[in-house]
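# Structural overview
Now for the letters of each chain:
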Amino acid sequence: SVSMRGGVSFLMRDADGSGDGDTTFYDDMVPLNYKSGQTKFYMKRKKGSGASLSSSSAGSTSLSCQPMAEGEREIVKGPNGPILVTKVAGSYYAVDATCPHLNLPMKKGKITVNNGQPALTCNFHNSCFEMKTGRCTQWVTGALGSDNELIGGIMSSVGSEKKDIIAYQVRDQDGLLMITSS
């Protein structure tokens, strides 16, 4: 779970920046408010995502999901948490869907292409990860898509230190996307 002081809970609701009352982003985040003024959020897991999971004796994990159109994304339940699967510039990519900074969801993070490589940006504190390798290229620079040195400095002092995320191999096999750890 993620702990936050009461007045900051709006960040969870408005992290996608739409402000239009659309609750699809945070409907999997359940707030628990305490008399102390502390709010904790935890992620609900949705069942029946259409993905399947299998393990081999070598310890590698294999997931599968349906192919998707360019720009679409799907979250599949992985052995260590949610995995974002998407198609960018004709290729499939899969990475951890949880930012290692504060373990917040990146399922609606902005995907950009830089020098031919897609990157996923956490929409909470702007950390950026290469989708092919999982390498962190930018760590906590502000909040909600805006770079702000003061907020970035404060937020980088909480949570974990700079970390990469896991990138998975994705291949199209017999009409299914097979997702395996590297």
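All chains use their own residue numbering, which begins from 1 and follows the written sequence. Local features in a predicted model are, by the rule used here, given only for residues with pLDDT of at least 70; side-chain atom pairs are given and counted only at 80 or more, and totals for whole chains, interfaces and linings are based on all residues. Side-chain measures here rest on the full set of heavy atoms in the structure, leaving out hydrogens and waters.

### A closer look at the overall build of the protein
Looking only at helices and strands, one finds 2 helices and 16 strands in the protein. Residues counted as buried form 40% of the 182 residues belonging to the protein. The contacts of the protein with a sequence gap of at least 6 include a subset with a gap of at least 24, amounting to 44%. Split by element, the accessible area of the protein, about 10,100 Å² in all, is 49% carbon and sulfur. Secondary structure follows DSSP: runs of H or I at least 4 residues long count as helices, runs of E at least 2 residues long count as strands, and numbering of each begins at the N terminus. Exposed residues in this analysis have more than 50% of their type's maximum accessible area, buried residues have under 20%, and partly exposed residues fall in between, with area computed by a 1.4 Å probe over protein chains only. It only takes one pair of heavy atoms within 4.5 Å for two residues to be counted as in contact. Exposure was quantified through the Shrake-Rupley algorithm and a 1.4 Å probe, taking into account, for residues, occlusion by the shown protein chains and nothing else.

### Quick look at the environment of Ile-151
With respect to the helices and strands, the residue Ile-151 is situated in helix H2 (residues 149-156). Judged by relative accessible area, which is 34%, Ile-151 ranks as partly exposed. Considering only alpha carbons, one finds Ile-151 and Thr-141, 10 residues apart in sequence, at a separation of 7.4 Å. Residues within four places of Ile-151 in sequence aside, it is in contact with Gly-142 and Ala-143.

### Overview of the sheet that holds strand E11 (residues 128-130)
Read from one edge of the open sheet, 4 strands run E9-E10-E11-E12, paired in antiparallel fashion. A single partner strand is all that each edge strand has here, and the edge strands are strand E9 (110-114) and strand E12 (136-138). Taking the axes of each pair of neighbouring strands and ignoring which way they run, one obtains an average angle of 35 degrees across the sheet. Pairs of strands are assigned from DSSP output, requiring at least two bridges between the strands. Across 3 bridges, the pairing between strand E10 (residues 117-121) and E11 is antiparallel. Helix axes use the C-alpha atoms of the stretch in contact, all axes being lines fitted to C-alpha atoms, and the angles between their N-to-C directions lie in the range 0 to 180 degrees.

### A word on the nonpolar core
What we call a nonpolar core is a set of buried Ala, Val, Leu, Ile, Met, Phe, Trp, Tyr and Cys residues that are connected through their side-chain atoms within 4.5 Å. Core analysis: the largest hydrophobic core is formed by 20 residues, its most contacted members being Val-95, Met-106, Phe-129 and Met-131. Those residues in contact with Met-131 that lie beyond four places of it in its chain are Leu-84, Thr-86, Tyr-93, Ala-94, Val-95, Ile-111, Pro-118, Ala-119, Leu-120 and Ala-167.

### Brief notes about the environment of Ile-75
Structurally, the position occupied by Ile-75 is in strand E6 (residues 73-78). Through-space distance from the C-alpha of Ile-75 to that of Lys-107 is 7.0 Å; in sequence the pair is 32 residues apart.

### Things to note about the side chain of His-101
Tracing the backbone shows His-101 in the loop between strand E8 (91-96) and E9. Counted as a polar contact is a pair of N or O atoms within 3.5 Å, where, for protein atoms, one must be capable of donating a hydrogen and the other of accepting one, and residues adjacent in sequence contribute only when both atoms are in side chains. For His-101, the side chain forms a polar contact with the main-chain oxygen of Met-155, separated by 2.7 Å. If sequence neighbours within four positions are ignored, His-101 has contacts with His-125, Trp-139, Val-140, Met-155, Ser-156, Val-158, Gly-159 and Ser-160.

### A short note on the layout of surface pockets
Only protein atoms enter the 1 Å grid used here. Points where a 1.4 Å probe fits but cannot escape make up a cavity, open sets with protein on both sides within 12 Å along at least five of seven lines make up a pocket, and a residue lines them when an atom lies within 4 Å of a point. Grid points are joined across faces, edges and corners, and a volume is the space filled by probe spheres set on the points. Counted as a void, the second largest pocket has a volume near 210 Å³. Residues are sorted three ways: Asp, Glu, Lys and Arg are charged, Ala, Val, Leu, Ile, Met, Phe, Trp, Tyr, Cys and Pro are nonpolar, and all the rest, Gly among them, are polar. By residue class, the composition of the lining of the second largest pocket is 8 nonpolar, 5 polar and 3 charged.

### Thoughts on the pairing of E9
As defined by bridge partners, E9 adjoins E10 across 5 bridges and the pair is classed as antiparallel. Bridging across to E10, Val-113 finds its partner in Pro-118. Remark: 2 residues form the turn of the hairpin made by E9 and E10, two consecutive strands paired antiparallel; Asn-115 in that turn has positive phi of roughly 50 degrees.

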